[in-house]
Protein chains: 2
Amino acid sequence: MNANNTNHAIDTLIEKIIKTQNPTVVGLDPALDLVPDYLKQREFEKHGETLKGAAKAVYKFNKGLINALCNIVPAVKPQLAFYEALGVEGIKVFYKTVHYARERGMFVIADAKRGDIGSTAAAYADAFLGETKVGLSAYSAFPANMLTVNAYLGTDGVAPFVKACGDYGKGIFVLVKTSNPSSGELQDKLIDGVPVYELMGNMVTSWGAELIGNYGYSAVGAVVGATYPEQIAQLRAKFPQTFFLIPGYGAQGGTAADLAKAFDDKGRGGIVNSSRGIIAAYKKEGNEQDFAGAAYREAMRMKEDLLSVIGEIK
Amino acid sequence: MNANNTNHAIDTLIEKIIKTQNPTVVGLDPALDLVPDYLKQREFEKHGETLKGAAKAVYKFNKGLINALCNIVPAVKPQLAFYEALGVEGIKVFYKTVHYARERGMFVIADAKRGDIGSTAAAYADAFLGETKVGLSAYSAFPANMLTVNAYLGTDGVAPFVKACGDYGKGIFVLVKTSNPSSGELQDKLIDGVPVYELMGNMVTSWGAELIGNYGYSAVGAVVGATYPEQIAQLRAKFPQTFFLIPGYGAQGGTAADLAKAFDDKGRGGIVNSSRGIIAAYKKEGNEQDFAGAAYREAMRMKEDLLSVIGEIK
């Protein structure tokens, strides 16, 4: 137990998952072709076909999704790339989205996959998890609950994030076994008979050893793709204190059955991401004006799909 | 030769290095404690001790540095972390810094160490190297010349960046052997007798094979730390078409002698980064009002130091 376990990111996340009985995080990855045309047209009329117009449409989209989902889904995961592609206006929308989701009671995982040498990693940790000191004041630039981290640089590139987790009651998910087709090129390679992803899993365990919360999970979690069910099962068995962020369900090909062994016997231990499957569900229903309703229905369908495999989350 | 070699990022960079006879890139890493107090005080008086005040001071600092250095140093490398730590105002300053440096004729390497699965990597590539399409218009969100990339995810996470290099005459530097003390935890591990950094070097070579410029170097380069001279020498010999971005000189402990073997027999093949060594040189001279002059003098000292080992760059 850490000294700070009344404010432990993974405890908060698990409590939201239990309350909603839904181990889903919705990826707010607003590629512009996923944003309903009527929202874009409305903003383009005001601001032209500009990054500002696009960003305003994205924020309307995100707000509609958050309003529809905040009582049935515990968490959102905005993907920084799609906000950065819209420039400064996009980053403004990222900022506003983080705040709005938290106002509506949602847990926010900033999917930024940051990682750098020590002093630089500390600046990223300040930006997304901690505070930036300006004179005698301090500000949270983008106050997410958790952040995804790429640990190719090793311990000294991760330590500042881990420190911020302890200091501010935040958490990180370190890339271990990613969901994409070519993840194995490096991650599956064997080092003394052990795959790189397992070596990374070992490091994640040691980085998070001092930050175990009330449910037995560390604030230092791991990203493990739904598209690799055998590896998930193996990693779940081997790393009982590591909470998993699981991308790759749905559009990327992962199924609920693939995820059966990602969870512990209480149905805890992981949260499954769906991005376009939920946020662009309206495209299958054919009514873009009801994008929020379509997202709600798809989120409910996904919840039932996952629970059919996991059972009640206790 | 690529079809597009009249607009090849590494050719442009090499030409700027030859013209200035200086294989140095200045890291614009404006941690607030490196920004002269008088600049901060002036902005705090106008904007309070806020992120906006801090960001305005950073921009004044960057402008002063760029003005002082643009005729003697070929490139700057703003580190995203320090701009993100200042929130939306910081990103505005990053944007303005990229534009100002390019206006003054400098080559801009965005040090962001981005990397993600394919569709997301494409959005990052749009943001920093290519264009974001908005309706019938297209915008360059943060138009750097090159971007640092983390390739832990493998080929499909890198391919969109490589495509943008070809389409827009841009380049990337992929993390191979980083300069930090714990880089070896993963990067030095042996896979079938080959260290991970060399495996990564092989992948970099294959990703960049179609993007060789007029000087024989690919638009897909590698980050190799000055703090590991043996590995630099080994990688230079093994990967003659891979241009190196070399951090770790100065404050991190790398010396010019360590870099002797990072360059080819014409003195080409790498660019050495210094961040706080140059931008905070004024702290050693004791006159913060002359931060730009101090940076100029340190940049000239570093140039002489490097050339004493490399000789003339042809």
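Structure: see above.
Just so it is clear, the structure is predicted and the values come from calculations on it, not from any experiment. (Residues numbered from 1 in each chain as written. Chains lettered and ligands numbered in written order. Predicted model: local features only at pLDDT ≥ 70, side-chain atom pairs only at ≥ 80, totals over all residues. Heavy atoms only, no water.)

Residue and element names in this part refer to chain A. Counting buried positions along strand 10 (residues 220-224) yields five of five residues, so the element is predominantly enclosed. Burial of the side chains of strand 10 extends over both faces: V220, A222 and V224 are buried on one face and G221 and V223 on the other. In terms of strand pairing, strand 10 meets strand 11 (residues 244-246) through two bridges, oriented parallel. By the bridge assignment for strand 11, A222 is matched with F244. Traced from strand 10 through helix 10 (residues 229-238) to strand 11, the parallel crossover comes out right-handed. (Buried < 20%, exposed > 50% of the residue type's maximum accessible area, 1.4 Å probe, protein only. Helix = DSSP H or I, 4+ residues; strand = E, 2+ residues; numbered from the N terminus. Pairing = 2+ DSSP bridges. Right-handed = clockwise from strand over helix to strand, strands pointing away.)

On to the packing of helix 3 (residues 51-69) of chain B against helix 5 (residues 87-103) of chain B, then. All names here are of chain B. The N-to-C vectors of helix 3 and helix 5 enclose an angle of 15°; their axes lie 8 Å apart at closest approach. Classed by the angle they form, the pair helix 3 and helix 5 counts as roughly parallel. Regarding helix 3 and helix 5, the two cross each other, and that crossing is right-handed. Packed against helix 3, whose contacting residues are L51, K52, A55, V58, Y59, N62, K63, I66 and N67, the element helix 5 presents G87, E89, G90, V93, K96, T97, Y100 and A101 at the interface. Residues belonging to the contact of helix 3 with helix 5 are distributed by class as follows: eight nonpolar, five polar and four charged. (Axes fitted to C-alpha atoms, helices over the stretch in contact; angles between N-to-C directions. Parallel < 35°, antiparallel > 145°, perpendicular 65-115°, else oblique. Left-handed = near helix turned anticlockwise from the far one by under 90°. Contact = heavy atoms within 4.5 Å. Nonpolar A, V, L, I, M, F, W, Y, C, P; charged D, E, K, R; others polar.)

Attention now goes to the side chain of T148(A). Note on placement: T148(A) falls in strand 6 (residues 146-149). Every residue in contact with T148(A), bar those within four places of it in the chain, is listed here: I109(A), A110(A), D111(A), A112(A), K113(A), R114(A), F173(A), V223(A) and L245(A).

Formed by 246 residues in total, the largest nonpolar core has its most connected members in L69(A), F128(A), I172(A), L69(B), F128(B) and I172(B). Excluding anything up to four places from it in sequence, I172(A) contacts L129(A), M146(A), L147(A), V149(A), V158(A), F161(A), V162(A), C165(A), A219(A), V220(A) and G221(A). (Core = buried A, V, L, I, M, F, W, Y, C linked by side-chain atoms within 4.5 Å.)

For interface size, the figure often reported is the accessible area lost on association. Contacts between the two partners involve 69 residues from chain B and, on the opposite side, 69 residues from chain A. Together chain B and chain A conceal approximately 5300 Å² of surface at their shared face, both sides included; 62% is due to carbon and sulfur atoms. Among the residues of chain B in contact with chain A, E49(B), Y152(B) and L186(B) are the three that bury the most area, contributing 14% of the side total. Linking chain B with chain A are four salt bridges. We note a salt bridge from D116(B) to K113(A), for which the minimum N-O separation is 2.8 Å. The interface formed by chain B and chain A includes 31 residue pairs in polar contact (both at pLDDT 80 or more). Looking at side-chain class alone, the side of chain B that touches chain A contains 37 nonpolar, 20 polar and twelve charged residues. (Buried area = accessible area lost by both parts, 1.4 Å probe. Salt bridge = Lys/Arg side-chain N within 4 Å of Asp/Glu carboxyl O. Polar contact = N/O pair within 3.5 Å; in protein donor to acceptor, adjacent residues only side chain to side chain.)

With phi around 50°, K113(A) is a residue other than glycine that occupies positive phi space. Summarising the element assignment, K113(A) is placed in strand 3 (residues 107-114).

All names here are of chain B. Inspection of the secondary structure assignment puts Y217 in the loop between helix 9 (196-207) and strand 10 (220-224). Judged by its relative accessible area of 4%, Y217 is buried. Linking Y217 and H8, residues 209 residues apart in sequence, is a C-alpha distance of 9.9 Å. Within the structure, Y217 has its side chain in polar contact with the side chain of D264 (distance 2.8 Å).

Another point: the sheet that holds strand 10 of chain A. All names here are of chain A. Here we have eight strands rolled up into a closed barrel, ordered 1-2-3-6-7-10-11-12, and parallel in their pairing. Across the sheet, the mean angle separating the axes of adjacent strands is 30° when strand polarity is ignored. Alignment of strand 3 against strand 6, held across three bridges, turns out to be parallel. Residue pairing in the sheet places A110 in a bridge with L147 of strand 6. The sheet strands contacting helix 7 (residues 155-168) are strand 3, strand 6, strand 7 (171-177) and strand 10, and the helix crosses strand 7 at an angle near 140°.

One side chain can pair with another of opposite charge once the charged atoms of both are near each other. As enumerated under the stated definition, the model contains 30 salt bridges over all chains in all. In this structure, D111(B) and K77(B) form a salt bridge, with 2.7 Å as the shortest nitrogen-oxygen distance. Here the residue D111(B) occupies a position in strand 3 (residues 107-114), and K77(B) occupies one in strand 2 (residues 75-78), the gap between them amounting to 34 residues. For K77(B), a relative accessible area of 5% puts it in the buried group. Where D188(B) meets K177(B), a salt bridge forms, and the shortest distance between an N and an O atom there is 2.8 Å. With D188(B) in the loop between helix 8 (184-187) and strand 8 (190-191) and K177(B) in strand 7 (residues 171-177), this pair connects stretches of sequence that are eleven residues apart. Residue D188(B) is classed as partly exposed on the basis of its relative accessible area, which comes to 31%. Judged by relative accessible area, which is 0%, K177(B) ranks as buried. Through salt bridges with shared partners, one network takes in K77(A), D111(A), K113(A) and D116(B).

Moving on, we get to the packing of aromatic side chains. The way to describe two aromatic rings as a pair is by their centre distance and the angle between their planes. Residue and element names in this part refer to chain A. Under the counting rule described, the total for this entry stands at 16 aromatic pairs over all chains. Arranged with centres 5.4 Å apart and planes meeting at 55°, the rings of F94 and F142 form a pair that is tilted. You can see F94 sitting in helix 5 (residues 87-103) and its partner F142 sitting in the loop between strand 5 (137-139) and strand 6, a full 48 residues away along the chain. Given the relative accessible area of 0%, F94 is considered buried. By relative accessible area, which is 2% here, F142 ends up buried. By the ring-pair criterion, three or more aromatic residues cluster together here, those being Y83, F94, Y95, F128 and F142. (Phe/Tyr/Trp six-rings, centres within 6.5 Å; stacked < 30°, edge-to-face > 60°.)

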